[in-house]
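Structural overview
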Amino acid sequence: MPINIKNKSQCCGCTACASICTHHCITMAEDAEGFMYPSVNLSKCSDCGLCEKVCPMIHSESTNHIIKVIGAKHLQKEVRETSSSGGLFTLLAEAFIDQGGVVVGCCLNKDLKAVHVIASCKEELVGMRSSKYVQSDLSDIFSKVRSLLRSGKKVMFSGTPCQVAGLHRFLIKPYDNLFSIDVLCHGVPSPRLYREYLSKMQSIYESKAVHVNFRSKQKGWKRLYMNIRFSNGREYFKFSGYDYYMSLFLNNKSQRNSCFHCPFNTINRSGDISLGDFWGIGKKFPEFDDDKGISLALINNAEGMNLFETIKNKLVYFESSINLAIAGNKVLVQHITGEEKRNAFYQDFLTLGLEKALTKNVKIPSLGIQLYYSFMREVLDLYRKVLKKGY
């Protein structure tokens, strides 16, 4: 029998099943919420079983075990400013291109849609920096990666743990010329929700959005801000807790069902290296934290260690412990919770529309309270800076 998704929590939308089907009987179709799921044309199915064989949700085991925990930051301030954390991904990707390889990662295209693309030069890596809090479109990227690998090309693939695991399952066999990076993931929101949110903002600002940064560092690394620029020159800049889209995400109300049952929230990682933010590092190493971003790198095997060795002289870094990493990143050992509230939001989204669903499910403080909290955060930051207290 072909793959049969009886419960949406069983599917992460990685496209491995659709990509492996030689009879092209599986396509990825968007459901009402805006997430992609496999749709099977039974009349074309040969019952070969490949689609189930490559499913990472059914076969989620990993042979990678963390061998070293690193905290690191890029030496160039400009790179860190446009990166989510410390700019380590950029160095790893540049080193890979210097070795003659290509890098596959997530970018926002000209329509600001999150898509996985292939970069063959360093200039194309800029769009892969910084987090995109929406599920990316993989389309036929797995097949393209396989073709590159079979031709002998070195490929670095970066994505969420389920995407990395899906690629490895799809490839069936290991490739010495493949290197993978998984990101520490808090779950992925719906592309439809993102589209409608962006449309709402364009209507408010009476202009087409030309740039989106889900994690602007204008106010520092630890203060998450949503930033949207429009073609008419206007700009939206809002603390994430007061932005409807980011508030939903941070409160686990917009993610895919499978994110609440994720088998990849484990120290047995999908990638050769895992990357994330080293949250809480200021408590242990206050002298290291300048609030411009610190990368957490989990080196998961010899291949990961070898690549890290090639770029470590371009970093300021230190070795740490898995316990400290887990303290700041609970997704290393546990998946997100609150699926009931998530389901309630999407039910309202589908029946009431975006505006009413947001009003009902997201509580944004009044402008006066926002200004008060902003002032108190500034005072707290100054206090910590004067007393050199990290967080």
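Residues numbered from 1 in each chain as written. Predicted model: local features only at pLDDT ≥ 70, side-chain atom pairs only at ≥ 80, totals over all residues. Heavy atoms only, no water.

1. Considering helix α7 (residues 191-205)
With 15 residues, α7 should reach 21 Å at 1.5 Å per residue; the first-to-last C-alpha distance of 21 Å fits that figure. Capping the start of α7, serine 190 holds a side-chain oxygen 3.1 Å from the backbone nitrogen of arginine 192, two or three residues further along. Positioned one or two residues after α7, glutamate 206 has a phi angle of 50°, which is positive. (Helix = DSSP H or I, 4+ residues; strand = E, 2+ residues; numbered from the N terminus. Expected span 1.5 Å × (residues − 1). Polar contact = N/O pair within 3.5 Å; in protein donor to acceptor, adjacent residues only side chain to side chain.)

2. Description of the packing of helix α4 (residues 88-98) against helix α10 (residues 302-311)
Between α4 and α10, the least distance of the axes is 9 Å, while the angle of their chain directions is 95°. With respect to each other, α4 and α10 are oriented roughly perpendicular. Between α4 and α10, the contacting residues are Leu88, Leu91, Leu92, Ala95 and Phe96 on the first element and Leu307, Phe308, Thr310 and Ile311 on the second. A per-class count over the contact of α4 with α10 returns 8 nonpolar, 1 polar and no charged. (Axes fitted to C-alpha atoms, helices over the stretch in contact; angles between N-to-C directions. Parallel < 35°, antiparallel > 145°, perpendicular 65-115°, else oblique. Contact = heavy atoms within 4.5 Å. Nonpolar A, V, L, I, M, F, W, Y, C, P; charged D, E, K, R; others polar.)

3. Quick notes on the sheet that holds strand β11 (residues 273-277)
With mixed pairing, 8 strands are arranged side by side in an open sheet as β5-β4-β6-β7-β11-β12-β3-β13. Of all strands in the sheet, those bounded by a partner on one side alone are β5 (114-119) and β13 (315-320). Averaged over all adjacent pairs, the angle separating strand axes in this sheet is 25°, with direction ignored. Here strand β3 (residues 68-74) runs beside strand β12 (residues 295-299); their pairing, made up of 5 bridges, is antiparallel. Looking at the pairing, lysine 68 lines up with isoleucine 299 of β12. (Pairing = 2+ DSSP bridges.)

4. A word on the side chain of aspartate 348
You can see aspartate 348 is positioned in helix α12 (residues 339-352). Judged by relative accessible area, aspartate 348 falls into the buried class, the value being 9%. Polar contacts involving the side chain of aspartate 348 include one to the side chain of asparagine 361, which spans 3.1 Å. When neighbours within four sequence positions are excluded, aspartate 348 is seen to be in contact with Gly353, Ala357, Lys360 and Asn361. (Buried < 20%, exposed > 50% of the residue type's maximum accessible area, 1.4 Å probe, protein only.)

5. As for helix α6 (residues 161-171)
Buried residues dominate α6, accounting for 9 of its 11 residues. Every buried residue belonging to α6 is among Pro161, Cys162, Gln163, Val164, Ala165, Gly166, Leu167, Phe170 and Leu171, and all of these are buried. In this structure, the buried residues of α6 make contact with α1 (16-20), β5, α5 (141-150), β6 (155-159) and β7 (178-183). Just downstream of α6 lies isoleucine 172, where phi reads positive at about 70°.

6. Comments concerning the packing of α7 against helix α13 (residues 354-361)
Packing of α7 against α13 leaves a shortest axis separation of 11 Å and a crossing angle of 100°. In terms of their interaxial angle, α7 and α13 are classed as roughly perpendicular. Where α7 abuts α13, its residues Leu193, Glu196, Tyr197 and Lys200 lie against Leu354, Glu355 and Leu358.

7. Re unusual backbone geometry
Even without glycine at this site, histidine 24 takes up a positive phi of about 55°. Tracing the sequence through the fold places histidine 24 in the loop between α1 and β1 (26-30). Since its relative accessible area comes to 60%, histidine 24 is described here as exposed. Backbone geometry at serine 130 places phi at a positive 70°, although glycine is not the residue there. In this fold, serine 130 is placed in the loop between β5 and α5.

8. Details of the environment of isoleucine 322
As for its position among the elements, isoleucine 322 is in helix α11 (residues 322-328). With relative accessibility at 26%, the residue isoleucine 322 sits in the partly exposed group. With 253 residues separating them in the primary sequence, isoleucine 322 and valine 69 have C-alpha atoms 6.3 Å apart. Among residues more than four places away in sequence, those in contact with isoleucine 322 are Ile66, Val69, Ile267 and Leu332.

9. Some thoughts on the pattern of salt bridges
Under the counting rule described, the total for this entry stands at 19 salt bridges. A salt bridge links lysine 8 to aspartate 31; the nearest nitrogen and oxygen atoms lie 2.7 Å apart. With lysine 8 in the segment before α1 and aspartate 31 in the loop between β1 and β2 (36-40), the pair connects residues that are 23 residues apart, well separated along the chain. Taking the relative accessible area as the measure of exposure, aspartate 31 reaches 14% and is therefore buried. Its salt-bridge partner being aspartate 289, residue lysine 222 comes within 2.6 Å of it at the nearest N-O pair. Residue lysine 222 is located in the loop between β8 (209-216) and β9 (225-230), and its partner aspartate 289 is located in the loop between α9 (281-284) and β12; the two are separated by 67 residues in the primary sequence. For lysine 222, a relative accessible area of 16% gives the class buried. Beyond isolated ion pairs, a larger network of salt bridges with shared partners links Lys73, Arg80 and Asp290. (Salt bridge = Lys/Arg side-chain N within 4 Å of Asp/Glu carboxyl O.)

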